[in-house]
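# Chains, contacts and geometry: an overview
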Amino acid sequence: MKVSQTALQHLAWRAGFGPAAADLPQIRKAKPADFRKQFLQESFNEPSDLKAVDNPFAGMTLPEISKKLKDAGEEDKKQLRNFHQEGIKKLNRLWIKEMISSKAQLREKMAFFWHDHFACRTGNAMHLQQYLQVIRSHALGKFPDLLMAVSKSAAMINYLNANQNRKNSPNENFAREVMELFTVGKGNYSEEDIKEAARAFTGWNATYTGDFIFREGQHDAGSKRIFGQTGNFTGEDVLKLLVKQKATARFLTEKVYRFFVNEELDEKIVSSLSNGFYASGYDIGQLMQTIFSSDWFYQKKNIGNRIKSPIELWVGINRQLPMEFGNQDAGMSFQRIMGQVLFNPPNVAGWPSGRAWIDSSSLMYRLQLPRILSAGTDFTVSPKADDDVQMGKVAKPAKGLVAQIRWPLFLQAFSGVENKDAETALSTFLLQTEKAPSTLMLEKYSKHNSRESLLSSRTILLMQSPEYQLC
Amino acid sequence: MLIKRRSFIKGTGLATASLLMPRFLHAFDADEKVAPGNKVLVVLQLSGGNDGLNTVIPYGNDIYYKSRPGIAIAKEKAIRLTDDAGLHPSLNYLGKLFEDGALGILNNVGYPEPDRSHFRSMDIWQSASGAKEYWQTGWLGRFLDEQCRNCEHSTQAIEIDDMLSLALKGKTKNGFAFKDPRKLYQAGRSPLFQDFLNAHDQEHAEHTVSYLYKTLADTKKSTAYIYEHSQQLTTGLYPNHELGRNLKTIASLILSDINTQVYYVSIGSFDTHVGQDVQQSRLFKQINEALEAFVTDLKKNNRFEDVLIMSFSEFGRRVAQNASRGTDHGSANNMFFISGGLKQKGLLNELDDLTSLKLGDLQYKVDFRRVYATVLENWLNVKAEPILGNAFEPLRFV
């Protein structure tokens, strides 16, 4: 009983952001294969846009927009800055909400994975919105399409200075990162490959409102030699050359395995997955289906051993325990305290993972968080300043993490469970580790005046345990 | 079964803390101190990109005044250091330290291919990576890894902040971050967390769970250690603002002889795109008075020779001012070293070269990792190369 419930929840945690309280009856009853099918199928539909901003320059031509931007006075500039800042914050909220409530869990989880893979920052809300749509809509498609779309997105073109890459004065930033971090990985290209590829990418640019443009006058149309092949390659040709390399399949498969299965690689499995991925023309959806329907995915060593990243922790809590916040920036505050803000990866290599999330202070916040959410005492900590965003203003202490937890909705999922079994039911639902903290110990911290207060106090205690940091 | 055995031991009165705790939870009992005579490093991070040219003012240079007609600082207002350069008017105490031979200024510090994003450039300074490398550990974190192989303390390096910076994150060891030792001590003392630890059965624990429990145990131990050793607050008079309070905390810890060798503290924001003078003057005034209190305190307790204060910022700013009486992101910058134990003092190298700019920016002359190598080798007495990943030639200011 416990084993199969944990296994189904394992799928929900890895192929999504954890089981929702409302899923519980299903998890208890459904056959594993049926549950898997049902859990994954929604993700293969086309996602709807997450729309935080409308293009304020709609209907204007490029020269008109440029002129308007050039002529902008102090007040206009301030307004525009505000438009972008608020837009980016709103996009953050929308995506978090989608992660919490979407039925397409795998798609959002996969998009989160691609956001880390194609790590990117921009101050332009329109660019960001478009970038997010690219990684969400291609999340489970073919990798070559995803790679092409991200590479041509205005966000990435600006972030990796592709817009400064011109014939006779190349900027190699994008050419280098696309090889080192996005496709073949270190050791599978030469400095010469980068130089030549940078020439092929010359002329790529994007407009302020997010359209890709190719400036032919800035493109170096001459012959290049890349990966041992010679031709008058364009940027598109280079991306195609990159996915032809088997190293790309291997590089991506390893990363997927570390993220979705286990930080320690199993050589035999990874190489078989990688071969299949390559042979399928990089069908991401198929790769993920193979992983989640394999027996080894559900092995003991792969369950409950992954340290939740801050986003996974936050979204997971919100899925398991439905709650609302008076303060709409609560999610953002949490992200900043924990050091993982969506759309703000530390650098193009993405976020650190695993144990890197845990130090003394971050662990203390994690262990205190459920109490703060439920008990009404707020954090009094200040997140670090982000000068790229704050432009010289002082960081304010994080506030507003107190939530209204919708206990009746949560407890409903346990309505058929007898009091004597309730504790086991709770810890089986909340924890993925083999062992739970001792019931005897938790007993003295639980409130016993009613069934509701017993279950709710026990839920918070279990969420405060070190075990809850794992999935 | 285990619980039963424990109750039995408790019941027979044979219980001792060490019997009840899994072995790994009390591996650090030795009370290592940094006794007087040992060296302490205090890193002062100026977040946001401090404008180095209005910090050390090259008042002998016409280009400076031509590039900054609205924000240049007049020679007669600056605190005089030499014929060619002076300090920002708000840094008068630092001028005094300069006279006393307790201040060294290194100009033109930076790294190749400078990055102008705050976040990224700070990443580079804190991790000590090259501009094209992405490291997930910091230079002081790796110092802990090397230095602290056998000690279970995470108190060798402390950041006075709510969150731990990358600089203090190592591969196997992390520094410790708090603003108020008492607050963290109380959080760590939560009986629930203690009970989690007591009830955790480590023989059957999975690997990752053990790591979390170990961190929790370490946190509890370390906070108690810090709290107990820092009860004796310094009697020095400190200004009542954040940096003042933070340096007071650091002074209390230094004077209480705990084992901490590195302290890390930040102030900001120096991101002065608009109306630079007001913002920079306000922050400099805070730094000036906080450092005065701190150095006076250390001198009174005969520890100024043992403490080195080092300041840095993620980048300097553009030589020319912008249209909003501010400056935009630049590259190379100066670093300050304050100590009673400097081997070289005053201006440690030539002033910034304002004639050979690259796209309007200063070109660095000294790689910041040479400064780190100096501090590691000559002050903290450890081999720098394993920590920095490459050999960097040390300087000679300490």
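Definitions and cut-offs
Residues numbered from 1 in each chain as written. Chains lettered and ligands numbered in written order. Predicted model: local features only at pLDDT ≥ 70, side-chain atom pairs only at ≥ 80, totals over all residues. Buried ≥ 20, exposed ≤ 12 C-beta atoms within 10 Å, placed from the backbone. Helix = DSSP H or I, 4+ residues; strand = E, 2+ residues; numbered from the N terminus. Pairing = 2+ DSSP bridges. Contact = placed C-beta atoms within 7 Å. Nonpolar A, V, L, I, M, F, W, Y, C, P; charged D, E, K, R; others polar. Axes fitted to C-alpha atoms, helices over the stretch in contact; angles between N-to-C directions. Parallel < 35°, antiparallel > 145°, perpendicular 65-115°, else oblique. Left-handed = near helix turned anticlockwise from the far one by under 90°. Domains from an automatic or database assignment. pLDDT = per-residue confidence, 0-100.

## Comments concerning the pairing of strand S8 (residues 262-267) of chain B
Residues and elements named next belong to chain B. Within S8, six of the six residues are buried, which leaves it mostly tucked inside the rest of the structure. Residues of S8 alternate between two faces, with Val-262, Tyr-264 and Ser-266 on one and Tyr-263, Val-265 and Ile-267 on the opposite face, all of them buried. In terms of strand pairing, strand S1 (residues 40-46) meets S8 through six bridges, oriented parallel. Across the sheet, Gln-45 pairs through a bridge with Ser-266, a residue of S8.

## Section: unusual backbone geometry
Of the consecutive residues B:Gly268 and B:Ser269, the connecting peptide bond is found in the cis state with omega at 10°. For B:Ser269, the position within the fold is in the loop between S8 and helix H11 (276-300). Positive phi, close to 75°, is recorded for A:Asn168, a residue that is not glycine. Tracing the backbone through its elements, the reader meets A:Asn168 in the loop between helix H9 (154-159) and helix H10 (173-182).

## Thoughts on the interface of chain B and chain A
Facing the 46 residues of chain B at the interface are 47 residues of chain A. Of all the secondary structure elements, the ones that give two or more residues to the side of chain B that touches chain A are helix H5 (118-127), strand S7 (176-178), helix H7 (181-188), helix H8 (191-199) and helix H9 (207-229) of chain B. Each residue belonging to the side of chain B that touches chain A can be placed in one class, and the counts come to 18 nonpolar, 19 polar and nine charged.

## Section: the packing of helix H5 (residues 74-101) of chain A against helix H16 (residues 310-320) of chain A
Residue and element names in this part refer to chain A. For the pair H5 and H16, interaxial distance at closest approach is 8 Å and the crossing angle is 50°. Here H5 is positioned oblique relative to H16, judged by the angle of their axes. Every pair of crossing elements has a handedness; the one defined by H5 and H16 is right-handed. In contact with Ile-96, Met-99 and Ile-100 of H5, H16 contributes Val-315, Asn-318 and Arg-319. A per-class count over the contact of H5 with H16 returns four nonpolar, one polar and one charged.

## A few points about the domain arrangement of chain A
Residues and elements named next belong to chain A. Partitioning chain A into domains gives domain 1 (45-244), domain 2 (246-302) and domain 3 (307-469). For domain 1 and domain 3, the distance between their C-alpha centroids amounts to 33 Å. On the domain 3 side, the residues contacting the 17 residues of domain 1 number 16 residues. Secondary structure elements with two or more residues in the side of domain 1 that touches domain 3: H5, helix H6 (105-117) and H10. Looking at which element gives the most residues to the side of domain 1 that touches domain 3, the answer is H5, with eight residues. When its residues are assigned to classes, the side of domain 1 that touches domain 3 shows ten nonpolar, two polar and five charged.

## Side note on the confidence of the model for chain B
Taken over all residues, the pLDDT of chain B has a mean of 87, while the share at 70 or more is 88%. On the interface metric, ipTM, the complex scores 0.91, and its pTM is 0.85.

## Notes on H5(B)
All names here are of chain B. A large share of H5 lies buried, amounting to nine of its ten residues. Those residues of H5 lying buried are His-118, Arg-120, Ser-121, Met-122, Asp-123, Ile-124, Trp-125, Gln-126 and Ser-127. Backbone geometry just downstream of H5 places Ala-128 in the positive-phi region, at approximately 65°.

## Examining the pairing of S1(B)
All names here are of chain B. The buried fraction of S1 is high, at seven of seven residues. Both faces of S1 are covered, namely the face carrying Val-40, Val-42, Leu-44 and Leu-46 and the face carrying Leu-41, Val-43 and Gln-45. Bridge count between S1 and strand S9 (residues 307-313): seven bridges; the pairing is parallel. The residue bridging Leu-41 from the neighbouring strand is Leu-308, located in S9.

## Focus: the environment of B:Lys75
All names here are of chain B. On the secondary structure map, Lys-75 appears in the loop between helix H3 (62-67) and strand S3 (79-80). Classification of Lys-75 by C-beta neighbours within 10 Å gives partly exposed; the count is 13. Linking Lys-75 and Ser-129, residues 54 residues apart in sequence, is a C-alpha distance of 38 Å. Aside from chain neighbours lying at most four places away, what touches Lys-75 is Tyr-59 and Gly-86.

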